[in-house]
Amino acid sequence: MALRPVMVNIKALDPSAVGRFWAEALGWSAYSPGVTTYVGPGGGFVWPDPVAVGIDVVPVPEPKTTTKNRVHLDLPTTSAAHQAELVARLKALGATPVHVGQGTVPWTVLADPEGNEFCVLEPREIYRDTGPIAVVVVDCADPRAMARFWDEALDWTLHEVTDDHAVLRSAKGVGPYLEFLRTPGVKTVPDRVHLDLLPYPADDKTAEVARLRALGATDLDLGQGDVPWTCMADPEGHEFCVLAPS
């Protein structure tokens, strides 16, 4: 039994506008199969995508606080010129530069139209085949502990573990990386951005949720009511959802 990340869930006051931004930013398409806006590779709505981790933008009534998100996306580039072009294009789409204490770094920190931070990376060879999302980054206090939990929770491969970060990627060697990055501070507000996980068709969602509890995950009541997905938190309190196979 194992789970796979299939979506990055972003809360938004205006999911259509935020979805359009991310579709344009990533060169993907925005689809509205219901009340949410799903952003994924073009060519028609396919979910779950066999390679990419898509984005699902969901409506909420509360705006983002000034607190930096504990989960964000890193976008790859192939050259200095490409990085400059991408940053300029994203600003034209409505992104804004933000300062989160990064100092002088080779990457550029921006925020989407509702303030969700993300980074445009300088060229790095490791991210040349990830697609338009290089990394889903999760701020944490203890990357080694996060590696122990998430390596067991997912069917992804653990590539590297140090005191400063832990890195996983699909065992198929495709799509983005998932990185747990040691970051000062503690989680004080619910995550505006989180991962949605999906069991494989032959696996039982109830059994998967029980397995996650045994690994240290906890159930969350976010006022979601009677829904087919299960809201949980990892051992450091990062929210995630286990979806029901469709």
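Residues numbered from 1 in each chain as written. Predicted model: local features only at pLDDT ≥ 70, side-chain atom pairs only at ≥ 80, totals over all residues. Heavy atoms only, no water.

Describing the overall build of the protein chain
Argument step 1. In terms of regular secondary structure, the protein chain is built from four helices and 16 strands.
Argument step 2. A compact globule built from 246 residues should have a C-alpha radius of gyration of about 18 Å, and the protein chain, at 17 Å, falls within 12% of that.
Argument step 3. Projected onto the principal axes, the alpha-carbon positions of the protein chain cover approximately 50 × 40 × 35 Å.
Argument step 4. Relative to its 246 residues, the protein chain shows a buried fraction of 48%.
Argument step 5. Put simply, 62% of the contacts in the protein chain that link residues at least 6 apart link residues at least 24 apart.
Argument step 6. As displayed, the protein chain offers around 11100 Å² of accessible surface, 57% of which is attributable to carbon and sulfur atoms.
Argument step 7. Positive and negative charge centroids in the protein chain, built from 20 and 33 side chains respectively, lie 2 Å apart. (Helix = DSSP H or I, 4+ residues; strand = E, 2+ residues; numbered from the N terminus. Rg over C-alpha atoms; globule rule 2.2 N^0.38 Å. Buried < 20%, exposed > 50% of the residue type's maximum accessible area, 1.4 Å probe, protein only. Contact = heavy atoms within 4.5 Å. Areas by Shrake-Rupley, 256 points an atom, 1.4 Å probe, with all protein chains shown as cover. Lys, Arg positive; Asp, Glu negative; His and termini not counted. Charge placed at Lys NZ, Arg CZ, Asp CG, Glu CD.)

Section: the packing of aromatic side chains
Argument step 1. For the structure on display, the rule yields 10 aromatic pairs.
Argument step 2. On the numbers, 6.2 Å between centres and 55 degrees between planes, the contact of Phe21 with Phe118 is tilted. Residue Phe21 is found in helix α1 (residues 15-26), and its partner Phe118 is found in strand β8 (residues 117-120); the two are separated by 97 residues along the sequence. Here Phe21 matches Phe118 in class, with each residue buried.
Argument step 3. Three or more aromatic residues joined by ring pairs make a cluster, and in this case those are Phe149, Trp150, Phe180 and Phe240.
Argument step 4. Just above the ring of Tyr200 sits the side chain of Arg4; from NZ or CZ to the centre is 4.2 Å. (Phe/Tyr/Trp six-rings, centres within 6.5 Å; stacked < 30°, edge-to-face > 60°. Lys NZ or Arg CZ within 6 Å of the ring centre and 35° of its normal.)

Quick word on the side chain of Asp234
Argument step 1. Note on placement: Asp234 falls in the loop between β15 (230-233) and β16 (239-242).
Argument step 2. Of the buried charged residues, Asp234 lacks a salt bridge, with Lys187 as the closest side chain of opposite charge at 8.0 Å.
Argument step 3. For Asp234, the side chain forms a polar contact with the side chain of Trp150, separated by 3.1 Å.
Argument step 4. Those residues within four positions of Asp234 in sequence are excluded, and the remaining contacts are Met146, Phe149, Trp150 and Phe240. (Salt bridge = Lys/Arg side-chain N within 4 Å of Asp/Glu carboxyl O. Polar contact = N/O pair within 3.5 Å; in protein donor to acceptor, adjacent residues only side chain to side chain.)

So, the pattern of salt bridges
Argument step 1. This model, assessed by the stated rule, comprises 13 salt bridges.
Argument step 2. Here Arg124 and Glu122 are joined by a salt bridge, their closest N and O atoms 2.8 Å apart.
Argument step 3. Under the relative-accessibility criterion, Arg124 is labelled partly exposed at 27%.
Argument step 4. The class of Glu122 is buried, set by a relative accessible area of 17%.

Brief notes about the side chain of Lys64
Argument step 1. Examined against the element boundaries, Lys64 turns out to sit in the loop between β4 (54-59) and β5 (71-75).
Argument step 2. Look at Lys64 and you get buried, because its relative accessible area is 18%.
Argument step 3. In terms of polar contacts, Lys64 uses its side chain to reach the backbone carbonyl oxygen of Thr67, at 2.9 Å.
Argument step 4. In this structure the side chain of Lys64 is engaged in a polar contact, spanning 3.2 Å, whose partner is the side chain of Glu117.
Argument step 5. Sequence-distant contacts of Lys64, defined by excluding residues within four places in its chain, comprise Asn69, Glu114, Gly115, Asn116, Glu117 and Arg192.

Considerations on the environment of Thr37
Argument step 1. Its place among the elements puts Thr37 in strand β3 (residues 37-40).
Argument step 2. C-alpha of Thr37 to C-alpha of Leu3: the two residues are 34 residues apart in sequence and 23 Å apart in space.

Some remarks on the sheet that holds strand β2 (residues 29-31)
Argument step 1. Spatially, eight strands are ordered β2-β3-β4-β1-β13-β16-β15-β14 in an open sheet, and the strand pairing comes out mixed. Lying at the two open borders of the sheet, with one neighbouring strand each, are β2 and β14 (218-219).
Argument step 2. Sheet topology places strand β1 (residues 3-12) next to strand β13 (residues 193-199); seven bridges connect them, and they run antiparallel. Residue pairing for β13: Ile10 is matched across the bridge by Val193.
Argument step 3. Along the sheet, α1 contacts β1, β2, β3 and β4; its crossing angle with β4, the most-contacted strand, is approximately 165 degrees. (Pairing = 2+ DSSP bridges. Axes fitted to C-alpha atoms, helices over the stretch in contact; angles between N-to-C directions.)

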